[in-house]
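Chain and residue survey
Each chain, written out:
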Amino acid sequence: MDRRLGRLRSWSGLRTVAGQVFVLQVFIILVLVAAAVAALLLQSRTDAEREARNRTLAVASAVASSPSVVQALSEPKPTVVLQRQAEQTRVRSGVDFVVVMSVDGIRYTHPDPARIGRHYIGSITKAQHGGVVTETTTGTLGPSVRTVVPVRDPGGKIVGLVSAGITVKRVSVAADRQAPLVLVATALVLAAATAGSALISRRLRRQTHGLGPAQMTRMYEHHDAVLHAVREGVLIIDRQGRLLLANDEARRLLDLGADVEGRPVSGLGLEPRAERLLLSGTTSTDRVIKVGTRLLAVSQRPMEQLPGPGGSVTTLRDTTELSSLVGRVEVVQERLSLLYEAGLRIGTTLNVTRTAEELAELAVPRFADYVTVDLADAVLRGEEPNLATVAELRRVALHGVRTGTPLYPTGELIHFDPSTPQAAGFGSGRMVLEADMAAFSGWQAQAPDRARALVAAGIHSMIAAPLRARGVILGVATFWRSREPTPYDQEDLSLAEELVARAAVSIDNARRFTREHATAVALQRSLLPHALPEQSAVEVAHRYLPAEAGLGGVGGDWFDVIPLPGARVAIVVGDVVGHGLHAAATMGQLRTAVHNFSTLDLPPDELLWHLDELVTRIDQDRDDDNADTPTLTGATCLYAVYDPVSGRCSMARAGHLEPLVVHPDGRARLAGVPAGPPLGLGGLPYEKAEIQLPPSSTIVLYTDGLLEERQRDIDEGIERLRGVVAHAGRTPEQMCQAVMDALLPTAPRDDVALLVARTRLLDGDRMALWQVESDPAAVSGVRACVSGLLHDWGLDEEAFTLELILSELVTNAIRYATGPITVRVIRDRSLICEVSDGSSVSPHLRRAAGMDEGGRGLFLVAQFADRWGTRYTPEGKVIWTEQQLPVGQ
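Residues numbered from 1 in each chain as written. Predicted model: local features only at pLDDT ≥ 70, side-chain atom pairs only at ≥ 80, totals over all residues. Heavy atoms only, no water.

Here's the deal with the overall build of the chain
As a reminder, the rule being used: Secondary structure is summarised from DSSP: a helix means a run of H or I of at least four residues, a strand means a run of E of at least two, and numbering begins at the N terminus for each. Burial classes follow relative accessibility: with a 1.4 Å probe on protein chains only, a residue under 20% of its type's maximum area counts as buried, one over 50% as exposed, and anything between as partly exposed. Should any heavy atoms of two residues lie within 4.5 Å, those residues are considered in contact. Values of accessible area rely on a 1.4 Å probe in the Shrake-Rupley scheme; residue burial ignores everything except the protein chains shown.
What the chain contains, in helices and strands, is 24 helices and 30 strands. Here the chain holds 889 residues, and 44% of them are scored as buried. Partitioning the intrachain contacts of the chain with sequence separation of at least 6 by distance along the chain shows that 61% fall at a separation of at least 24. Working note: accessible area of the chain is about 45100 Å², and carbon and sulfur atoms make up 55% of it.

Listed below in C-alpha cells is the structure:
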C-alpha cells in the first residue's frame, strides 16, 4: 500500500511544472554523461591502437637494426641463434610475438616453435622493397597490430624481415584499470547533478505550490481577474515601505498613477492617516479612514508568517455611501450586546433582591445613568402581589453613575401617586415614557420638592417599565437619564421592555424559589424538635443549619433526644438524601417512626432493623403509586441509648457516619460502632456496640454536611472534627460553637445537624436494688424496705401508691414468672419502679368482670402509675412504672 501511494505521489508530482522541469534536467544530464562516457571509450580505443602500432614498430626496428640479427641471417642455421634472442626481446618488450624471417617470408623464429620454417601469414611485400608494413588483423587472440620492417646488412641490402605483433587488449589493460575510477567519477557527477536538479525543482515547486502548467495558466488568469475585475482595492507593500502591487480599484480609490509600483508609499501623496496605517503594517479589520472625499474601510494583514519577502497586504472598500448608517449600526450592535449580556448576568442567583440589583448594574451606564427597581412586598416574601390591594412598592435596588441623588433610597416603602409613571405602569402593565421631565407634566405630584431636586441634579428623562412575568406584574423598573443629552425616545422603549422582560422572568423564578424554600424550611422546622425534653441522663447542645437557598435547599437532616424508661435516654441523628419538600417530609416520617419504635424499648440494632423494614415498605408503596416519586433508599440513621445508672451506652448505625467520644481528659476517638447498610436495602443485619463511658464523657453525633467539602475527603473531615472537639473542660454548648466556627465558616451547601451530649451518672443514693425470693411472703419485706427508702427521700406521700404498685408487680412475678426476681427503685425527675424476672412473657392489661376473682392487678397499676410498660432484656423482662414527683423534689 505504501509503495502504491508513493507511486501515486510521484506520478502526481510529475504533472506539476516543477516535476516536469526536474525530469527534463535529469534527462539532459543522462544524455551528456552517456556521450562523455562513449567519447572516453572511443578515445581509449584509438589510443590503444596507436600505442600498439608504435610499440610494434619500435620493437621490430630495434630487432632489425641489431648487428647480431644481421650476422645470424648470414649463417646457415639462423634459428639457433635468433629464436632465443627473439623470445627474450618479446618478453622484455611485452609484445605477443617477434618473428624473424627470410626475405621470402620463411619464419626463423616464433613463440610457437612448431610454426618455425613456415611462411609468415600477413602482408610483407612493402617490407621486401624496403618499406614498413603495419596492419591490424583479428585473430584467435582478438584484434592485434603487426609491423614488418626489413633487415639490412651493412651494405644496405635487404637480407631478411622482422615482424612484431601485439594484441589491442594487452595495450588497453592500463586504460581498463582506470575504468572503475572513471565510472565512479561519472556516478558522482551524475548524482551531484541530479541532486542539484532536485533542489532546484523543489524550490520551484514551493514557489509554484505544486501547480501544473494548466493550473499555472489558470492561476495567472484568475490573478488578473481578481486584481483588476473586483470592486475592492488591493495593495502589497514590502518591508521597506515600497508599493509592490496595486490593482485598478486601489489606483482609483487612492488616485494613484500608472507608475507607482516600486515607489515608496511615503512618496505617493496619500493622506497622512492613510499613509501611517499602510506603513505601520499592523493588523486591522474594516478600519474606516477618510481619503479625500471617500470613507474607506481598510483591512490589513502582515505577511511575516508567510514565505516571501514579508510586508503587508491591504484591502480597501469604499464605504462612503454607508457613512450615514455607521452611527445607527453601532447603536444597534451596542443594544444587541446589552441584551446578550442581560441573558448572562441577570438571574445568576435565586435571590429576588440580588436579581433586581443585577438589572440595575447591567443598565448603568450603557443604557441609563440611574436605575431603580421597586417591588411589591409580597414578591419579597415569595408571594404573588394582589393588584387590588397593592398601593405601595418597596425600593430594592438603586444604582447610578454617582451617589447622593434625590432618588428614594433602597429599603424605602414608597406610595406612588396615581399620576406618576411608576403607578401608571404598575397598574396598566404598559411602558411609560417621560421624555421631558423639566416640563413637570404631572409626574412631580408624588413629591414636588424631590422632583425639582431631581431636575436640578440633571435628570431630564425617564422610562417606567413594569416587571411582568406569567401575566403577573411584580413591580416597576425605572431608567433615568442625565449625562446623555438626548432624551429617551420610542426606540429606547423597546430596549427597556426587552431588559425588564428578561429580568422579570428571573425575579419571578427567584420569587417562586423563595416561596418553595420558605415552605420547605417551615415544614422542616415543624418536624424537628422545637425544644429538647427534660431528662437527667445527658446534657445536650445542638445545632441545625439548612442549606442556603440556591446552593442545596432544605434537606433531610434531623436529630432527636427521646427519654426512655429507667432514666435512660435515646439520642438520634439521621439524614435523608436529596433536598426540598420531599426530603423534609421523609425526614418527618422517619423521626415519627423512631419515636414509635422507641416506645417498644428495643435495642438499637433491632430498632434500626424495624426502621429498615418500614422504609422498604414505604418504597414499595411509592413504586406502585407513582414511579416518579423518589424512594427513601439512601436514608441513614444513628441510634444510641445511654443508661445513667450503669454508664453504658449502646449504639447502632445504618449507613451513618461514626460518632466521636470525647473522654473527660480531652481525648477524642471514634466510638467503634460497626457499619451497617443505609435504610431501605432490606434483609441486611445491623450490629450494635456497647461502650462504658466515664462520667462527663461527651458523645458527638453529626451528619455529613458538616464535613463534606470539594477540597477534602470525608476521612480528612472526620480527623479535623476530632481535632476540634479534643479539648477538656468544654460544655456541650461551647463545643457546638467551636465546631461550627471551625468547620462551617460560610453558608453550607448541605444541611448540617450536630448533637453534643455530655453523660451523667446518677448518684448512688438515688437508687436502690433488692433481690426478692420466689415466695409470696417476701412481698411484705420488699414493701417495707421501699417504704423506708421513700421516707429517707422525703417522699412519704408517694409511698402508699408505690407500695400498692410494687405489691401487684412482685406478686405477679412470683406467681407467673421465674426467678431471679429483682426490684429497683430510682429517684429521678419521676419515681421509677422496675420489677425484673426471668420470664419473657409480658402481662396483658384487661378489665375484669364483676364476678372474677383476679385480673385487676395491672388495671390498678395502670390507674395509679402515670406511665408503665414492659421492656425485654437478654435475661427476661422488666416491668416499669413512673410516678411524677412534685417540682423541687
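Thoughts on the packing of helix 20 (residues 714–725) against helix 21 (residues 732–743)
Where we set the bar: Fitted lines through C-alpha atoms give the axes, limited to the stretch in contact for helices. The angle between two N-to-C directions lies from 0 to 180 degrees. Every angle not falling under 35 degrees, over 145, or within 65 to 115 is termed oblique; those three ranges are roughly parallel, roughly antiparallel and roughly perpendicular. Each crossing gets its handedness from the near helix: less than a right angle anticlockwise from the far helix is left-handed, clockwise is right-handed.
Orientation of helix 20 relative to helix 21, taken along the N-to-C sense of each, is 140°, at an axis distance of 9 Å. When the axis of helix 20 is compared with that of helix 21, the two are oblique. The hand of the helix 20/helix 21 crossing is right-handed. Taken together, the residues of helix 21 that come into contact with helix 20 (itself represented by Arg720, Leu721, Val724 and Val725) are Met735, Ala738, Val739, Ala742 and Leu743.

A word on the packing of aromatic side chains
The cut-off we apply is this: Side-chain rings of Phe, Tyr and Trp, where Trp is taken by its six-membered ring, are said to pair if the distance between their centres is within 6.5 Å; with planes under 30 degrees apart they count as stacked, over 60 as edge-to-face, and otherwise as tilted. Here, a charge over a ring is recorded when the distance from Lys NZ or Arg CZ to the ring centre is within 6 Å and its angle to the ring normal is within 35 degrees.
One pass over the full model with this rule turns up three aromatic pairs. Centroid distance Phe367 to Phe479: 5.3 Å. Interplanar angle 75°. Geometry classified as edge-to-face. Of this pair, Phe367 sits in the loop between helix 13 (352–363) and strand 10 (370–375) while Phe479 sits in strand 15 (residues 472–481), placing them 112 residues apart in sequence. Residue classification places Phe367 among the buried residues on the basis of a relative accessible area of 5%. Taking relative accessible area as the criterion, Phe479 reaches 0% and is therefore assigned buried. Ring centres of Phe367 and Tyr488 lie 5.4 Å apart, and the angle between their planes is 40°; on these two criteria the pair is classed as tilted. Highlighted residues: Phe367 in the loop between helix 13 and strand 10 and Tyr488 in the loop between strand 15 and helix 17 (490–527), separated in sequence by 121 residues. Both residues of the pair, Phe367 and Tyr488, count as buried. Among the aromatic residues, those joined into a ring-pair cluster are Phe367, Phe479 and Tyr488. Positioned over the ring face of Tyr488 is Arg481, at 4.1 Å from the centre of the ring.

Overview of the packing of helix 22 (residues 778–793) against helix 23 (residues 796–816)
Rules: Three classes are used, and their members are as follows: Ala, Val, Leu, Ile, Met, Phe, Trp, Tyr, Cys and Pro are nonpolar, Asp, Glu, Lys and Arg are charged, and the others, Gly among them, are polar.
For the pair helix 22 and helix 23, the least separation of the axes is 9 Å and the interaxial angle reads 155°. Taken together, helix 22 and helix 23 sit at an angle that is classed as roughly antiparallel. The handedness of the crossing between helix 22 and helix 23 is right-handed. Residues Val779, Val782, Arg783, Val786, Ser787, Leu790 and His791 of helix 22 pack against Asp796, Glu798, Ala799, Leu802, Glu803, Leu806, Ser807, Val810, Thr811 and Ile814 of helix 23. Residues belonging to the contact of helix 22 with helix 23 are distributed by class as follows: nine nonpolar, four polar and four charged.

Describing the nonpolar core
Note the following rule: Remark: nonpolar core denotes a set of buried residues (Ala, Val, Leu, Ile, Met, Phe, Trp, Tyr, Cys) joined through side-chain atoms within 4.5 Å.
Core analysis: the biggest nonpolar cluster contains 48 residues, and Leu608, Leu611 and Tyr639 have the highest contact counts within it. The leading source of residues in this core is strand 19 (residues 636–643), at six residues. In this structure Leu608 touches Cys637, Tyr639, Ala652, Arg653, Ala654, Leu679 and Tyr686, once residues within four positions along its chain are discounted. Ala356, Ile414, Ala464 and Ala503 belong to the second-largest nonpolar core, a separate cluster that totals 47 residues.

Describing helix 20
Under the convention used in this document: Expected helix span is taken as 1.5 Å per residue step, with the number of steps being one fewer than the number of residues. Note: the arc covers the axis-to-C-beta directions of the helix.
Taking 1.5 Å per residue, twelve residues should reach 16 Å; helix 20 reaches 17 Å between its end C-alpha atoms and fits that length. Along helix 20, the residues classified as buried are Gly717, Ile718, Leu721, Val724 and Val725. Taken down its axis, helix 20 places every buried residue within 120° of arc, on the same side. Residues of helix 20 that are buried sit in contact with strand 21 (660–662), strand 22 (668–670), strand 24 (698–702) and helix 21.

Overview of the sheet that holds strand 6 (residues 243–246)
We apply this condition: Any two strands with at least two DSSP bridges between them are considered paired.
Taken together, the five strands give an open sheet; going across it, the order is 6-5-9-8-7, and neighbouring strands pair in antiparallel fashion. This sheet does not close on itself; its edge strands, each paired only once, are strand 6 and strand 7 (284–291). The average angle at which neighbouring strand axes cross in this sheet is 25°, direction not considered. As paired strands, strand 8 (residues 294–302) and strand 9 (residues 312–318) are joined by seven bridges and run antiparallel to one another. Paired with Ala297 across the two strands is Arg317, which belongs to strand 9. On the sheet, helix 11 (residues 272–280) packs against strand 5 (233–237), strand 7, strand 8 and strand 9 and is oriented at approximately 150° with respect to strand 7.

Quick notes on a nonpolar patch on the surface
Note the cut-off: Patch membership needs two things, relative accessible area over 30% and no salt bridge, and members are linked within 9 Å if like-charged or within 5 Å if nonpolar (Val, Leu, Ile, Met, Phe, Trp, Tyr). Put simply, a salt bridge is a Lys or Arg side-chain nitrogen that is within 4 Å of an Asp or Glu carboxyl oxygen.
Taken together, the side chains of Leu24, Phe27, Ile28, Val31 and Leu32 present a nonpolar region at the surface, about 510 Å² in accessible area. Mapped onto the elements, Leu32 comes out in helix 2 (residues 17–64). The class of Leu32 is exposed, set by a relative accessible area of 57%.

Describing unusual backbone geometry
With an omega of 0°, the peptide bond running from Val364 to Pro365 counts as cis. Here Pro365 lies in the loop between helix 13 and strand 10. Phi at Ser696 is positive, roughly 65°, even though this residue is not glycine. When you line up the elements, Ser696 lands in the loop between strand 23 (688–692) and strand 24.

Things to note about the confidence of the model for the chain
Cut-off, in case you're wondering: Confidence scores here are pLDDT values: one per residue, from the predictor, ranging 0 to 100.
Considering every residue of the chain, the mean pLDDT works out to 82; 86% of them sit at 70 or more. This stretch, residues 5–12, has a pLDDT under 50; its non-local contacts, to residues over four places away or in other chains, come to zero contacts. Segment residues 848–854: pLDDT under 50, and seven contacts once partners within four positions in sequence are set aside and those in other chains are kept.

Focus on the sheet that holds strand 23
Spatial strand order, 17-18-19-20-23: five strands in an open sheet with antiparallel pairing. At either end of the open sheet lies a strand with only one pairing partner, and these are strand 17 (558–563) and strand 23. Along the sheet, successive strands turn relative to each other by an average axial angle of 15°, direction set aside. Set on the sheet, helix 18 (residues 581–598) makes contact with strand 17, strand 18 (569–575) and strand 19; between it and strand 17 the angle comes to about 20°.

Concerning helix 21
Three- or four-residue spacings in an α-helix give side chains the same orientation, since the helix completes a turn every 3.6 residues. If you check helix 21, its first and last C-alpha atoms are 16 Å apart, about what twelve residues at 1.5 Å a residue would give, namely 16 Å. Within helix 21, the full set of buried residues consists of Pro732, Met735, Cys736, Ala738, Val739, Met740 and Leu743.

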